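# Reading the structure
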Amino acid sequence: MARPAGDTRDRILSAARDLFSEQGIDAASMRAIARQAGVNLGMIHYHFQSKDKLVDAVLDRWFGNVGAALDAVPSGASPRRRIEAAIRGIVKYLQENRSVVRIVVREYSLNSPRLRRIALRHMGPNFGRLALLVAEGVGSGEFKPLDARFLTMITLGMMIHPFMASPLLSQFLDLDFTSKEFAETLAGTIQTVLFEGI
């Protein structure tokens, strides 16, 4: 019995995500992705037409989850409660998708020609949504009167850096970066620093 087309597409996306994370986008060949996904090369071209479109599809899927975390923020709550919910959701997403963090960090460190597209298509919209939540808190007086763009950058840095640096940090910190407790403690610590200071 033939596998559904959605299953084939999902296997290609998962294989591409894993190989892009392990080897880098440029080093991961379409043949290697096909081999890991258990499909022939023609199936990748059928579903995605080109490597650039495959990269976009991989990142669309996983950055869409960040958007979903922001969509889950309760709209009627105070700005602080909404930011707390966003932090919890984004930290959970980052923990579950460390491979995507590695892909973006690698592209950033290489100053890849794809970086602008990644920033505008995948990161910018979610940054903008989070910045609007922060700006609302500043405007309401619930947050300190600081530039929302800088507060958003700092907040994202606190969320992203532990997962980006986990291969290094795990060498000397006795922390399980994959545990639920880690995600909850990280989100809580970020919220405390953000709202109450150190």
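Residues numbered from 1 in each chain as written. Predicted model: local features only at pLDDT ≥ 70, side-chain atom pairs only at ≥ 80, totals over all residues. Heavy atoms only, no water.

### Some remarks on the overall build of the chain
Threshold: Helical segments are the DSSP runs of H or I of at least four residues, strand segments are the runs of E of at least two, and each set is numbered from the N terminus. Reported accessibility uses the Shrake-Rupley method at a 1.4 Å probe radius. Residues are deemed covered only where the shown protein chains occlude them. The charge count includes Lys and Arg as positive and Asp and Glu as negative, but it does not include His or the ends of the chains. Taken as the charge location is NZ of Lys, CZ of Arg, CG of Asp or CD of Glu.
Of regular secondary structure, the chain possesses ten helices and zero strands. Overall, the chain shows an N-to-C arrangement of helices and strands of α-α-α-α-α-α-α-α-α-α. About 10900 Å² of surface is accessible on the chain, with carbon and sulfur atoms providing 57% of the total. Taken as two groups, the 25 positive and 20 negative side-chain charges of the chain have centres that lie 6 Å from each other.

### A few points about the side chain of Asn-97
We apply this condition: In this description, contact between two residues means that some pair of their heavy atoms is separated by no more than 4.5 Å.
Here Asn-97 lies in the loop between helix H5 (79–96) and helix H6 (98–109). Aside from chain neighbours lying at most four places away, what touches Asn-97 is Trp-62 and Asn-65.

### Examining the packing of helix H8 (residues 148–164) against helix H10 (residues 180–196)
Condition: Note on geometry: axes are C-alpha line fits, over the in-contact stretch for helices, and angles between N-to-C directions span 0 to 180 degrees. The scheme is simple: roughly parallel for angles under 35 degrees, roughly antiparallel for over 145, roughly perpendicular for 65 to 115, oblique for anything else. The crossing is said to be left-handed when, going from far helix to near helix, the turn is anticlockwise and less than a right angle, and right-handed when the turn is clockwise. In the scheme used here, Gly and all other residues not listed as nonpolar or charged are polar, with Ala, Val, Leu, Ile, Met, Phe, Trp, Tyr, Cys and Pro taken as nonpolar and Asp, Glu, Lys and Arg as charged.
Where H8 meets H10, the axes come as close as 11 Å, and the angle between the chain directions of the two elements is 155°. One element, H8, and the other, H10, form an angle in the roughly antiparallel class. The two elements H8 and H10 cross, and the hand of that crossing is right-handed. Packed against H8, whose contacting residues are Leu-151, Thr-155, Met-158, Met-159, Pro-162 and Phe-163, the element H10 presents Phe-182, Leu-186, Ile-190, Val-193 and Leu-194 at the interface. Taken together, the residues that form the contact of H8 with H10 break down as ten nonpolar, one polar and no charged.

### Let's talk about the pattern of salt bridges
Which entries qualify depends on this criterion: We define a salt bridge as a contact between a side-chain nitrogen of Lys or Arg and a carboxyl oxygen of Asp or Glu at a distance within 4 Å. Buried, partly exposed and exposed residues are distinguished by accessible area as a fraction of the type maximum, computed with a 1.4 Å probe on protein chains only: under 20%, between the cut-offs, and over 50%, respectively.
Enumeration over the complete set of coordinates arrives at 16 salt bridges. Put simply, Asp-56 and Arg-121 hold a salt bridge, and the shortest N to O gap is 3.6 Å. Taken together, the residues Asp-56 in helix H4 (residues 51–71) and Arg-121 in helix H7 (residues 115–140) connect sequence positions 65 residues apart. Residue Asp-56 is classed as buried on the basis of its relative accessible area, which comes to 11%. Exposure remark for Arg-121: the relative accessible area of 44% places this residue in the partly exposed category. Glu-107 is the partner of Arg-114 in a salt bridge, and the nearest nitrogen-oxygen pair spans 2.9 Å.

### Focus on the nonpolar core
How we decide: The nonpolar core is taken to be a set of buried Ala, Val, Leu, Ile, Met, Phe, Trp, Tyr and Cys residues, with the residues joined through side-chain atoms within 4.5 Å.
If you look at the biggest cluster of nonpolar residues, it comprises 58 residues, and the most contacted ones within it are Phe-20, Ile-33, Ile-44, Leu-54, Val-91, Leu-130 and Met-159. Looking at which element gives the most residues to this core, the answer is H4, with ten residues. Sequence-distant contacts of Leu-54, that is, excluding residues within four places in its chain, are made with Ile-12, Leu-13, Ala-16, Phe-20, Met-30, Ile-33, Ile-44 and Phe-48.

### Quick notes on the side chain of Glu-107
Short version of the rule: Under this definition, polar contacts are N or O atom pairs within 3.5 Å; protein pairs additionally need one hydrogen-donor-capable and one acceptor-capable atom, and for neighbouring residues in sequence, both atoms have to be side-chain atoms.
Tracing the backbone through its elements, the reader meets Glu-107 in helix H6. Glu-107 gets classed as buried once you look at its relative accessible area, which sits at 1%. A polar contact of 2.4 Å, which involves the side chain of Glu-107, links it to the side chain of Ser-112. Those residues in contact with Glu-107 that lie beyond four places of it in its chain are Ile-25, Ser-112, Arg-114, Leu-115 and Ile-118.

### Comments concerning H6
As a reminder, the rule being used: Helix span, as expected, comes to 1.5 Å for every residue beyond the first.
The terminal C-alpha atoms of H6 lie 16 Å apart, and with twelve residues this matches the ideal 16 Å at 1.5 Å per residue to within 8%. What H6 keeps buried is the set Ser-99, Val-100, Val-101, Ile-103, Val-104 and Glu-107. Phi for Asn-111, located one or two positions after H6, is positive at around 50°.

### Some remarks on the packing of H7 against H8
Two elements in contact, H7 and H8, have axes whose closest approach is 9 Å; the angle formed by their N-to-C orientations is 120°. Accordingly, the angle class assigned to the pair H7 and H8 is oblique. The hand of the H7/H8 crossing is right-handed. Listed contacts from H8 to Phe-127, Leu-130, Ala-131, Val-134, Ala-135 and Val-138 of H7 are Ala-148, Arg-149, Leu-151, Thr-152, Met-153, Leu-156 and Met-159. For the contact of H7 with H8, a count of residues per class yields eleven nonpolar, one polar and one charged.

### A few points about the confidence of the model for the chain
Operational definition: Confidence of the prediction at every residue is given by pLDDT, a number between 0 and 100.
Across the chain, the average pLDDT comes to 89, with 97% of residues at or above 70. At the low end of the mean pLDDT range in the chain sits H4, at 84; at the high end sits helix H2 (residues 30–37), at 96.

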